[in-house]
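Read off the chains here:
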Amino acid sequence: MSPRSEFLAGVRDIAPVLLGTVPFGLVAGVAAVSAGLSALEGLALSLFAFSGIAQLITCQLLAADSPVIVTVGAAFVVSLRLLMYSAALSPHLAHLNRRWRALLAFLMTDQSFAMTMHIATQSDRPHFHWHFLGAGVTLYCAWQASVALGIAVGAQVPPAWSLDFAVTLTFIGLLVPAVRTRADLAAGIVATAVALLAAGLPYRLALVVAAIAGIGAGLFVEKKGAHR
Amino acid sequence: MKTWLVIACVSAVTYLLRASFIVFADPQKFPHAFRQALRFVPPAVLAAIVAPGLLLAGGVIDPSPRNARLLAGLVALAVAARWRHPLAPIAVGMPVLWLLQWAMG
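Residues numbered from 1 in each chain as written. Chains lettered and ligands numbered in written order. Predicted model: local features only at pLDDT ≥ 70, side-chain atom pairs only at ≥ 80, totals over all residues.

Each helix and strand in chain A was counted, giving 12 helices and zero strands. The order of helices and strands in chain A, counted from the N terminus, is α-α-α-α-α-α-α-α-α-α-α-α. Its C-alpha atoms give chain A a radius of gyration of 19 Å, within 12% of the compact-globule value 17 Å for 228 residues. Its C-alpha atoms put chain A at 55 × 50 × 35 Å along the principal axes. Relative to its 228 residues, chain A shows a buried fraction of 50%. Sequence separation of at least 24 residues holds for 75% of the intrachain contacts in chain A that already meet a minimum separation of 6. (Helix = DSSP H or I, 4+ residues; strand = E, 2+ residues; numbered from the N terminus. Rg over C-alpha atoms; globule rule 2.2 N^0.38 Å. Buried ≥ 20, exposed ≤ 12 C-beta atoms within 10 Å, placed from the backbone. Contact = placed C-beta atoms within 7 Å.)

Attention shifts here to the nonpolar core. Nonpolar side chains in soluble globular proteins generally cluster together in the buried interior. Ranked by internal contacts, the top residues of the largest apolar core, which has 106 residues, are Ala 191, Leu 207 and Ala 211 of chain A together with Ala 44 and Ala 48 of chain B. Discounting chain neighbours no more than four positions away, the residues touching Leu 207 of chain A are Ala 74, Val 77, Val 78 and Ala 195 of chain A together with Ala 48 and Ile 49 of chain B. (Core = buried A, V, L, I, M, F, W, Y, C linked by C-beta atoms within 7 Å.)

Turning our eyes to something else, we now look at the environment of His 32 of chain B. Its location among the elements puts His 32 of chain B in helix α2 (residues 32–39). Taking C-alpha positions, His 32 of chain B is 33 Å from Ile 7 of chain B, a pair spaced 25 residues apart along the chain.

With that settled, consider the confidence of the model for chain B. Looking at chain B, the pLDDT average stands at 89 and 99% of residues meet or exceed 70. We note a pTM of 0.84 for the whole complex and an ipTM of 0.88 for its interfaces. (pLDDT = per-residue confidence, 0-100.)

Time to look at the domain arrangement of chain A. All names here are of chain A. For chain A, the domain assignment lists domain 1 (3–161) and domain 2 (179–228). Its C-alpha centre places domain 1 at a distance of 25 Å from the equivalent point of domain 2. Each partner contributes to the interface: domain 1 provides eight residues, whereas domain 2 provides five residues. Elements with a minimum of two residues in the side of domain 1 that touches domain 2: α4 (52–63) and α5 (68–78). It is α5 that contributes the most residues to the side of domain 1 that touches domain 2, four residues altogether. Residue classes in the side of domain 1 that touches domain 2 are distributed as six nonpolar, two polar and no charged. (Domains from an automatic or database assignment. Nonpolar A, V, L, I, M, F, W, Y, C, P; charged D, E, K, R; others polar.)

Another aspect to go through is the packing of α4 of chain A against helix α1 (residues 2–24) of chain B. At a minimum axis distance of 11 Å, the contact between α4 of chain A and α1 of chain B shows a crossing angle of 155°. By the angle between their axes, α4 of chain A is roughly antiparallel relative to α1 of chain B. Once α4 of chain A is placed against α1 of chain B, the crossing between them reads as right-handed. Where α4 of chain A abuts α1 of chain B, its residues Ala 54, Thr 58 and Leu 62 of chain A lie against Thr 3, Val 6, Val 10 and Thr 14 of chain B. Taken together, the residues of the contact of α4 of chain A with α1 of chain B break down into four nonpolar, three polar and no charged. (Axes fitted to C-alpha atoms, helices over the stretch in contact; angles between N-to-C directions. Parallel < 35°, antiparallel > 145°, perpendicular 65-115°, else oblique. Left-handed = near helix turned anticlockwise from the far one by under 90°.)

Moving on, we come to unusual backbone geometry. Of note, the phi angle at Asp 65 of chain A is positive, near 55°, even though the residue is not glycine. Residue Asp 65 of chain A is classed as exposed on the basis of its 9 C-beta neighbours within 10 Å.

What follows covers the confidence of the model for chain A. For chain A, the average pLDDT comes to 90, and 99% of its residues sit at 70 or higher. The secondary structure element of chain A with the lowest average pLDDT is helix α8 (residues 110–120) of chain A, at 83, and the one with the highest is helix α3 (residues 39–49) of chain A, at 97.

Right, let's talk about the interface of chain A and chain B for a bit. The accessible area lost on association of the parts is a frequent measure of interface size. Listed as interface residues are 71 residues of chain A and, on the opposing side, 58 residues of chain B. By residue number, the principal contributor to the side of chain A that touches chain B is helix α10 (residues 165–178) of chain A, which donates 14 residues. Considered class by class, the residues forming the side of chain A that touches chain B number 50 nonpolar, 16 polar and five charged.

Glancing now at the packing of helix α4 (residues 68–82) of chain B against helix α5 (residues 88–103) of chain B. Residue and element names in this part refer to chain B. Taken N-terminus to C-terminus, the directions of α4 and α5 make an angle of 155°; their axes are 8 Å apart at the nearest point. Comparing their axes, α5 and α4 come out roughly antiparallel. Along this stretch, α4 crosses α5, giving a crossing that reads as right-handed. Only Ala 88, Pro 89, Val 92, Gly 93, Val 96, Leu 97, Leu 100 and Gln 101 of α5 make contact with α4, whose side of the interface consists of Ala 68, Arg 69, Leu 71, Ala 72, Gly 73, Val 75, Ala 76, Val 79 and Ala 80. When grouped by side-chain class, the residues that make up the contact of α4 with α5 number 13 nonpolar, three polar and one charged.

With 26 residues, helix α9 (residues 128–153) of chain A ought to run about 38 Å at 1.5 Å a step, and its terminal C-alpha atoms sit 38 Å apart, in line with that. The positive-phi residue at the C-terminal boundary of α9 of chain A is Gly 154 of chain A, with phi of around 50°. (Expected span 1.5 Å × (residues − 1).)

Below is the structure:
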């Protein structure tokens, strides 16, 4: 496939994912306004961070007037999965020059990662990075438009629509394929239990503690399995 | 001013995590234990994000059948396990939640 047809295929393949992106972006935009951010601040956070969950956590902690270090630390922990994606994708992108890699890294999301991993492993796709670019740019534009809409309508979205539940559902869609082995399952179950038990901790620390406990459980179960 | 500082730092953190291996580092050079731990980041972090969204209502754990978000979430989990499409949970979960909220008044 030529670069041009790869780019267009990327745009086409990411299109169905936008059904989930739009409500999530709306929620992120509303969250910025509710947290007291100005329209400019809300847009800047979205344009540069380009990560729904990092934006939501940042807004929640800014609203609670948390210290800068705590807010940035929480955003770091929820974004750690991007580090893992980066490690998994890097061998497939190693042949590209630094400018391409810097650009594709900026556009990498949960959705484009999953799609690109699938395509990069096919042998007859030498221009697959154009597919990544097409999908990434499309998702970026759709995300920014939905966040801007969320900022514009602000608190006018009726609570009865329960739009925030779309965020939880988005992560269910990512969680299920991420659980493949018994060790993955242990990581998920322990993280769930700790996230609930530690829910009373301030600054959304429960998420951090739960993530660390889950990773520990995964490592433990895997090690036990290997020694049997 | 503090808001702009946070925006700058969060943006830098998300970009550096994305760029870490793709732009700067060679994953083969990282310690084996670190790479093993990284593998469990997605199931652990994603579960820790999902669980409160289903089970916490106003800071209290609510595992009862009156919890519409829990029921709709369990349906979404089943749907996600059956059809491994990332959109299936949203396409099914939102209408189920609306239906349950309507039925429970």
